[in-house]
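Each chain is listed here by its residues.
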Amino acid sequence: MEEKQAAITMSGFQMALLPPSLPLRFSVAEPQGAVFTKPWVVELLLDLAGFSSDRNLVDAVAVEPSAGHGAFFSAMVERLLESCERMGRPVEDCRNSLIAYELDEESADRVRTLAIGLLMAHRIPHGLAKQLSESWVRLGDYLLESSEIEVDFVLGNPPYVRLEEIPEEIALHYRNIYPTMRGRADLYVAFFEAGLRQLKQGATCAFICADRWMRNQYGAALRALVTSCYAVDFVIEMHNANAFDDDVDAYPAITVVRKKVQGAGVVASAGPEAANSPPQTLSATLKSVARGEPLALPHGLRTAVVEKWFRGAEPWPCHSPEQLALLRKLEEHFPPIEAYASVGIGVATGNDAVFITNNQELIEPSRLLKLAISKDIHEGCLQWSGSYLVDPWDDHGLVVLDDYPRLRDYLEAHKVVLKRRHTAANNRRGWYKTIDRVNHALTGKPKLYIADIKNTLDPILDRGETYPHHNLYFIQSDHWNLEVLGGLLLSAIGQFFIESYGVRMRGGCLRFQAQYLRRIRVPDPSTLSKAQTEGLINAFRERDRKAATQIAVELYGIEKEVMETALGY
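Okay, so let's go over this structure.

1. Points about the pairing of strand E5 (residues 199-210)
Now for step 1: Within E5, 9 of the 12 residues are buried, which leaves it mostly tucked inside the rest of the structure.
Now for step 2: Relative to E5, strand E4 (residues 151-156) runs parallel, the two sharing 5 bridges. Among the inter-strand pairings, leucine 155 is bridged to a residue of E5, identified as alanine 206.
Now for step 3: As paired elements, E5 and strand E7 (residues 252-258) share 7 bridges and run antiparallel to each other. Its bridge partner lying in E7, alanine 210 is registered against proline 252.

2. Some words on the sheet that holds strand E12 (residues 368-372)
Now for step 1: Taking strand neighbours across the sheet as the criterion, the 4 strands line up as E11-E13-E12-E19 in an open arrangement whose pairing is mixed. Two strands bound the open sheet, and with one partner strand each, they are strand E11 (356-357) and strand E19 (467-468).
Now for step 2: Across 2 bridges, the pairing between E12 and E19 is parallel. Looking at the pairing, leucine 371 lines up with tyrosine 467 of E19.

3. Section: the pattern of salt bridges
Now for step 1: The full count for this structure, using the stated rule, is 25 salt bridges.
Now for step 2: A salt bridge links glutamate 134 to lysine 130; the nearest nitrogen and oxygen atoms lie 2.5 Å apart. Here glutamate 134 and its partner lysine 130 are both found in helix H5 (residues 126-136), 4 residues apart, which amounts to about one turn of the helix.
Now for step 3: Taking the shortest distance from any N to any O, the salt bridge between lysine 260 and aspartate 233 comes out at 3.2 Å. Of this pair, lysine 260 sits in the loop between E7 and strand E8 (265-270) while aspartate 233 is found in strand E6 (residues 231-237), placing the two residues 27 residues apart along the sequence. Of the two residues examined, lysine 260 and aspartate 233, each falls in the buried class.
Now for step 4: Overlapping salt bridges, with partners in common, bring together Lys454, Asp458, Arg543 and Arg545 in one network.

4. Digging into the packing of helix H18 (residues 492-501) against helix H21 (residues 545-556)
Now for step 1: Where H18 meets H21, the closest approach of the two axes is 8 Å, and the angle between their N-to-C directions is 75 degrees. One finds that H18 runs roughly perpendicular with respect to H21. Contact residues: Ala492, Ile493 and Phe497 in H18; Thr549, Ala552, Val553 and Tyr556 in H21.
Now for step 2: Considering only residue class, the contact of H18 with H21 consists of 6 nonpolar, 1 polar and no charged.

5. Here we look at the sheet that holds E8
Now for step 1: On the basis of which strands lie adjacent, the open sheet formed by 9 strands has the order E3-E2-E1-E4-E5-E7-E6-E8-E9 and mixed pairing. The open sheet is flanked by strand E3 (137-139) and strand E9 (301-306), the only strands paired with a single partner. The sheet shows a mean angle of 15 degrees between the axes of neighbouring strands, direction not considered.
Now for step 2: Its contacts with the sheet put helix H8 (residues 188-198) on strand E1 (62-64), E4, E5 and E7, and the angle it makes with E5 is roughly 165 degrees.

6. Here's the deal with the packing of aromatic side chains
Now for step 1: A complete count under the given rule lists 14 aromatic pairs for this structure.
Now for step 2: Their ring planes at 70 degrees and their centres at 5.0 Å tell us that tryptophan 309 and phenylalanine 310 sit as a pair that is edge-to-face. Neither tryptophan 309 nor phenylalanine 310 differs from the other in exposure class; each is buried.
Now for step 3: Look at tryptophan 309 and tryptophan 316: their rings are 5.4 Å apart centre to centre, the planes differ by 80 degrees, and that puts the pair in the edge-to-face class.
Now for step 4: Since its relative accessible area comes to 0%, tryptophan 316 is described here as buried.
Now for step 5: By the ring-pair criterion, three or more aromatic residues cluster together here, those being Phe192, Phe207, Trp213, Trp309, Phe310 and Trp316.
Now for step 6: The cationic tip of arginine 367 hangs over the ring face of tyrosine 404; the distance from NZ or CZ to the ring centre is 5.0 Å.

7. Things to note about the pairing of E7
Now for step 1: Where burial is concerned, most of E7 is hidden: 7 out of the 7 residues are buried.
Now for step 2: Covered by surrounding structure in E7 are Pro252, Ile254, Val256 and Arg258 together with Ala253, Thr255 and Val257, the residues of both alternating faces.
Now for step 3: Bridge count between E6 and E7: 6 bridges; the pairing is antiparallel. Across the sheet, residue glutamate 237 finds its bridge partner in E7, namely alanine 253.

8. Some thoughts on the environment of cysteine 84
Now for step 1: Within the fold, cysteine 84 resides in helix H3 (residues 71-87).
Now for step 2: Separated by 395 residues in the primary sequence, cysteine 84 and histidine 479 place their C-alpha atoms 68 Å from one another.
Now for step 3: Not counting chain neighbours up to four residues away, the residues in contact with cysteine 84 comprise Val58, Arg89, Pro90, Val91 and Cys94.

9. Describing the environment of methionine 181
Now for step 1: Summarising the element assignment, methionine 181 is placed in the loop between helix H7 (168-177) and H8.
Now for step 2: Taking relative accessible area as the criterion, methionine 181 reaches 1% and is therefore assigned buried.
Now for step 3: A sequence separation of 42 residues divides methionine 181 from arginine 223, and the C-alpha atoms of the two residues are 11 Å apart.
Now for step 4: Contact partners of methionine 181, with chain neighbours within four places excluded, come to Leu163, Ile166, Tyr174, Arg175, Asp186, Leu187, Val189, Ala190 and Glu193.

The rules behind each value
- Residues numbered from 1 in each chain as written.
- Predicted model: local features only at pLDDT ≥ 70, side-chain atom pairs only at ≥ 80, totals over all residues.
- Heavy atoms only, no water.
- Buried < 20%, exposed > 50% of the residue type's maximum accessible area, 1.4 Å probe, protein only.
- Helix = DSSP H or I, 4+ residues; strand = E, 2+ residues; numbered from the N terminus.
- Pairing = 2+ DSSP bridges.
- Salt bridge = Lys/Arg side-chain N within 4 Å of Asp/Glu carboxyl O.
- Axes fitted to C-alpha atoms, helices over the stretch in contact; angles between N-to-C directions.
- Parallel < 35°, antiparallel > 145°, perpendicular 65-115°, else oblique.
- Contact = heavy atoms within 4.5 Å.
- Nonpolar A, V, L, I, M, F, W, Y, C, P; charged D, E, K, R; others polar.
- Phe/Tyr/Trp six-rings, centres within 6.5 Å; stacked < 30°, edge-to-face > 60°.
- Lys NZ or Arg CZ within 6 Å of the ring centre and 35° of its normal.

The following block contains the structure:
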């Protein structure tokens, strides 16, 4: 496939992300986010990025944002020297070809020593080797210095540092510079944005790091930036591959992004067996797939071509090629669940200790609302535990406290703590409000409850008896028999949609948030046969996932082989 070349003008979105003036120096302790990458992964990433010795690397500028112990840096030095020798150039010409950043002097000296050793192994005199190492390795914070020059390559393994591990002042400073670092975004998001900003036209940023940003909410701004101004060439999911020297909590992927117009992108999955194939074989195969030339895949490697990449800030469900192909097929043929239902979350109070009680004599009975909480749905059905919401709302808004003396006295007794809440600070007259307004009509409607954090999608039917707490999501529909819909969601297909878009937390649990539930696709309920309807109802009541899946596969028109490869069923 011939690469399409086109000039890309800076969009309004990209201009909005230009950094403010940076301080001359911003001191920060070295993050404890170093993870050592296996050599085969390093070689694969460099090959896919085009940082190969058969190209002119001497006149290019390549950056390693966080050199660490030098896994990427040493491989880049070797390739640079081979390119220099092939071209018959003096090694002095490589003085400005590499830039590697390290945060403290000890780490920087370690990387310089590594560079000197590599250079002397190529018969470079010690004095010149020392000069080159000092030119290549910089003591500094890449996130503060990266905007100084445009480069041809930004390559490596950015530090995986969680937001809570960064001092608040430093985190705020990074956020001010890198707008894509939103919400609970980890530090690698800023490294991605910094790397993308540095690229010349046609240049490449390639990282191996956690792939959470591709699907979760905090990665939305980064996805929007990538899809507005850049092109994704490769995403190689490596969740089960032997990619690092140590075990890590993150689910990693190689991502290769180029500053050009987006064409087709390749999504691949590398299993444990992929490490047994030479990196050159893996990269040659992936490049062949990108060109549309079929090749026998090495053991442990699976691929798919995405002809039209995802747009805007929408998630990238790139867990595996088979999953992606099935997902695209289902999304083309079936409408989202909200075509026939509504998805929402229960009430957030701002202070559960005050607003939730088991004492039905506490205040006026009319101001107590039966509340379903997460522990009420652990046994496959709704077993109300006796929790009530102290309800300050009626159909017109906040109630007048003088109309309910017991409610007034109870809330007045907790007035100090309730006024400290952010929601109360923004509404002083409504200091006794819950964060969310209660929709009383929802209580009497049948609905499906889904717990926020769990391993599997496990919808539970409420027949119109309770109101959900904020750790429960609900699905309500006037079109579906909710036991039929519940059976469909109970199936492996319902789980598949969440697995495709959701992210797993530490410990392996999934988040069943509204943003993921809304991406579930369902058939028109009127198209189900009587047998399918009855079968799903029975599967839902018996919690029979296998039976539910058999009917769902028929409804969605999924072939057995696809089930086995995409869903592992």
